[in-house]
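Architecture and fold: a report
So the chains spell out like this:
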Amino acid sequence: MKKKTMISWMLYDFGNSAFATTIMAAVLPVFYYDVAAAGLEENLAESYWGYSQSIAVLIVAVLAPILGAISDFSASKKKFLRFFAYMGIIASILLAFVGEGAYLFASILLIVGNIGFSGANVFYDAFLPELAESEKEMDKLSSGGFAFGYIGGGLLLAINILMITNYSWFGIPDATAASQLSFASVGLWWFIFSIPLFKNVQEEKKTRVKRNKSYVTIGFSRVVNTFKEIRQFKYLLIFLMAFWLYNDGISTIIRMATIYGRGIGIDSNSLIIALLITQFVGIPSTFFFGWLASKITAKRALYLTLYVYIGIVVLGYFMASALHFYLLAICVGLVQGGAQALSRSIYGRMVPVNKKAEFFGFYGISSKFAAVFGPFLFGIVGQLTGSSRLGIISLLIFFIAGVVLLRFVNIEKGVEQAKEFAK
């Protein structure tokens, strides 16, 4: 039963990662540049894409801690996960109706889809400490979730690439129609693979507290209290600040890489295929970093991923051909899943057991609110200077500052603080 529950949890990542690959990273950025934003001045498509991403994650950042606190209070993680998942699923399907010049409609659906995807992940992540019985199991399950995500997101992306590049095989009139169908396929895929989680994963039973206030009011008051409480956990707080910074850089690369490549003249098929390479390189690499963490510690393994990201940003500035993009895609695939899985498991270790959903709401803040600044900085630098290359190099500050802060995190002492609080 436990194994079935864990697989069901990981299958959700298998399904929803299609949104991250096909819509956020690969197909929609190219479609947005070539079709939805057709007719806009040079660099504006990239900037508008960046602004749309920033608006989406800002809304999620405001909601995440409130939803986390409400979820913890009401024992309704699955209920909220379902609501936000369906929001993302519907937005994905509606993207199939975006036509030429409809960049505003595309941006709105991108924002709504991002809210659904990210909002659902707040509650999805909050199940992790409930399902894992030890720190080692948490590392393994967290890495497994990301690996399942790479497989599921990569598999549907491969199908969609085949459909877009060989649309006549499928009786589709052109690549634009094939791209639109690929957006609808994301919604269907996400829905199908969310069913096992909703059916098999159960929340820990809690005694419902009688209330005389709305959940929103309770949520806001708990957020204030959580801000006060989290300051008691010195190393958890420092880690969150470090994560806030370097994850902003990672998130921006994920969200902006394809449209950046299109803007400097790399053909659309090469860009989409490169993202597929990232997915399948990421599968063994995520498991590798889970193993490496057990050998050299999770913190040292995390450092390694961040140093590689610094190299990716520098090389991205000089990128000039499809071959360069392929090489960078391989590098991203090597470290992306590892950095995210290690961060989630390190954070999970330092969270008090009786504050799981609430503190994972803060994890939502640190990953979502921080992610506002990277795409916005990329967009504004590109718009003001007329060069998206300067936008990409500006991301260095996030990785360097994150590495510096991470040096002040003592994970062992952070775990001790969490255990003392829970006594």
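Reading guide: rules and limits
Residues numbered from 1 in each chain as written. Predicted model: local features only at pLDDT ≥ 70, side-chain atom pairs only at ≥ 80, totals over all residues. Heavy atoms only, no water. UniProt positions renumbered as here; feature names shortened; annotations may be inferred. Phe/Tyr/Trp six-rings, centres within 6.5 Å; stacked < 30°, edge-to-face > 60°. Helix = DSSP H or I, 4+ residues; strand = E, 2+ residues; numbered from the N terminus. Buried < 20%, exposed > 50% of the residue type's maximum accessible area, 1.4 Å probe, protein only. Salt bridge = Lys/Arg side-chain N within 4 Å of Asp/Glu carboxyl O. Domains from an automatic or database assignment. Contact = heavy atoms within 4.5 Å. Polar contact = N/O pair within 3.5 Å; in protein donor to acceptor, adjacent residues only side chain to side chain. Expected span 1.5 Å × (residues − 1). Bend = angle between axes of the 7 residues up to and from the residue. Core = buried A, V, L, I, M, F, W, Y, C linked by side-chain atoms within 4.5 Å. Axes fitted to C-alpha atoms, helices over the stretch in contact; angles between N-to-C directions. Parallel < 35°, antiparallel > 145°, perpendicular 65-115°, else oblique. Left-handed = near helix turned anticlockwise from the far one by under 90°. Nonpolar A, V, L, I, M, F, W, Y, C, P; charged D, E, K, R; others polar.

The name given to the protein chain in an unreviewed UniProt entry is MFS transporter, UMF1 family, and the organism recorded there is Lentibacillus persicus. Looking at the Subcellular location (unreviewed entry) heading of the UniProt record, one finds this comment for the protein chain: "Cell membrane".

**Remarks on the packing of aromatic side chains**
Considering all chains together, one arrives at 26 aromatic pairs under this definition. Here the aromatic rings of F19 and F117 are separated by 5.3 Å at their centres, their planes lie at 25°, and the arrangement is stacked. A residue pair is termed long-range when its members are at least 10 positions apart, and F19 in helix α1 (residues 2-36) and F117 in helix α4 (residues 103-126) qualify at 98 residues. Residue F19 shares its accessibility class with F117, and that shared class is buried. With a centroid separation of 5.3 Å and 15° between ring planes, the pair formed by F80 and F123 is classed as stacked. Remark: F123 occurs in helix α4 and F80 occurs in helix α3 (residues 77-94); sequence separation between them is 43 residues. Residue classification places F80 among the buried positions, given a relative accessible area of 18%. Its relative accessible area of 1% is what places F123 among the buried residues.

**Remarks on the pattern of salt bridges**
Once the charged atoms of two side chains with opposite charge are near each other, the side chains can pair. The tally for this structure, following the rule as stated, stands at three salt bridges. Linking D34 and R262 is a salt bridge whose minimum nitrogen-to-oxygen distance equals 3.2 Å. Pair noted here: D34 is in helix α1 and R262 is in helix α9 (residues 234-263), with a separation of 228 residues, a long-range link. Residue R344 pairs with D125 through a salt bridge whose shortest N-O separation is 2.7 Å. Separated by 219 residues along the polypeptide, R344 in helix α12 (residues 322-349) and D125 in helix α4 bring together distant segments of the chain. Here R344 falls in the buried class, since its relative accessible area comes to 3%.

**Some words on the side chain of S54**
The topology assignment puts S54 in helix α2 (residues 44-74). Judged by its relative accessible area of 6%, S54 is buried.

**Examining the domain arrangement of the protein chain**
Taken domain by domain, the protein chain holds domain 1 (1-202) and domain 2 (222-422). Each of domain 1 and domain 2 was reduced to a C-alpha centroid, and the two centroids are 18 Å apart. At the interface, 62 residues of domain 1 touch 57 residues of domain 2. Where domain 1 touches domain 2, the interface holds 15 residue pairs in polar contact (both at pLDDT 80 or more).

**Here's the deal with unusual backbone geometry**
Although it is not a glycine, T297 adopts a positive phi angle of roughly 85°. Tracing the backbone through its elements, the reader meets T297 in the loop between α10 (268-296) and α11 (298-318). When its relative accessible area of 38% is taken as the criterion, T297 is described as partly exposed.

**Points about the environment of L141**
Note on placement: L141 falls in helix α6 (residues 135-165). Distance in space between the C-alpha atoms of L141 and G391 is 36 Å, their sequence separation being 250 residues. When near neighbours in sequence (up to four residues on either side) are disregarded, L141 contacts M6, W9, M10, L128, L131 and A132.

**Observations concerning α12**
The terminal C-alpha atoms of α12 lie 41 Å apart, and with 28 residues this matches the ideal 40 Å at 1.5 Å per residue to within 8%. Roughly 30° is the biggest bend found in α12, and it falls at V335. Summarising burial for α12: 20 of the 28 residues are buried, a large majority.

**Considerations on the nonpolar core**
Ranked by internal contacts, the top residues of the largest apolar core, which has 126 residues, are W9, L81, F239, Y246, L302, Y309 and Y347. Composition of this core by domain shows at least three residues from each of domain 1 (1-202) and domain 2 (222-422). Contacts of W9, omitting those with residues within four sequence positions, involve Y124, F127, L128, L131, L141, G145, L197, V201 and R344.

**Thoughts on the packing of α1 against α9**
Relative to each other, α1 and α9 sit at 40°, their axes nearing to 8 Å. In terms of orientation, α1 and α9 fall into the oblique class. For the pair α1 and α9, the crossing hand works out as right-handed. In this structure, α1 uses M24, A25, A26, P29, V30, Y32, Y33 and D34 to contact α9, whose residues at the interface are I254, R255, T258, I259, R262 and G263. The class makeup of the residues in the contact of α1 with α9 is nine nonpolar, two polar and three charged.

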